[in-house]
Amino acid sequence: MLYLFSGVVMLAACLFYKRSQRKTFSVKAGLNAELMLSHENIWILYNNQFSLCSKKLRVCLAEYDVTYTSKHVDLI
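Fair warning: this is a prediction, and the values are worked out from it, not measured in the lab.

**Overview of unusual backbone geometry**
- In this structure, Asp65 is a non-glycine residue whose phi angle is positive, near 55°.
- Note on placement: Asp65 falls in the loop between α2 (52-63) and β2 (68-72).
- Look at Asp65 and you get exposed, because its relative accessible area is 65%.

Below, the structure written as structure tokens:
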């Protein structure tokens, strides 16, 4: 029982040490006005017509009127 307790304490100490070594910083919430993503360039979308994820992306691109070139990728 003592070995289990000491193992848990050592694991917790290791996790707290690793967490204190992280280089993190807070980011303000909301729209970042300095960030500009250019979407005037033509996008090349490598997709599969049967993929649900590709379909979601194509719908989003169509809603925002982003021009793109579709390249079909055969997964089989």
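Picking up where we left off.
**Quick notes on the pairing of β2**
- Where strand β1 (residues 43-47) meets β2, five bridges bridge the pair, whose relative direction is parallel. Bridging across to β2, Ile44 finds its partner in Thr69.
- Note on the crossover from β1 through α2 to β2: the handedness is right-handed.

**Re the confidence of the model for the protein chain**
- Here the protein chain averages 85 in pLDDT, while 93% of its residues score no lower than 70.
- Model confidence for the protein chain, summarised as mean pLDDT per element, is weakest for helix α1 (residues 2-20) at 87 and strongest for α2 at 92.

**Focus: the state of the cysteines**
- All told, the structure shown has zero disulfides when counted by the stated rule.
- Cys60 takes part in no disulfide bond, and the closest cysteine sulfur, belonging to Cys53, lies 11 Å away.

The rules we used
- Chains are numbered independently. Their residues run from 1 in the order of the written sequence.
- Restriction of local features to residues with pLDDT of at least 70 applies here, the model being predicted, together with a cutoff of 80 or more for giving and counting side-chain atom pairs; totals for whole chains, interfaces and linings are based on all residues.
- Side-chain figures throughout are based on the complete set of non-hydrogen atoms in the structure, without hydrogens or water.
- Numbering goes from the N terminus for both helices and strands, where a helix is a DSSP run of H or I of at least four residues and a strand is a run of E of at least two.
- When accessible area is computed with a 1.4 Å probe and restricted to protein chains, residues below 20% of their type maximum are described as buried, those above 50% as exposed, and intermediate ones as partly exposed.
- For two strands to count as paired, DSSP must find a minimum of two bridges between them.
- When the strands point away from the viewer, a crossover counts as right-handed if the path from the first strand over the helix to the second runs clockwise.
- Known as pLDDT, the predictor's confidence for each residue is given on a scale from 0 to 100.
- Two cysteine sulfurs form what is called a disulfide whenever their separation falls within 2.5 Å.

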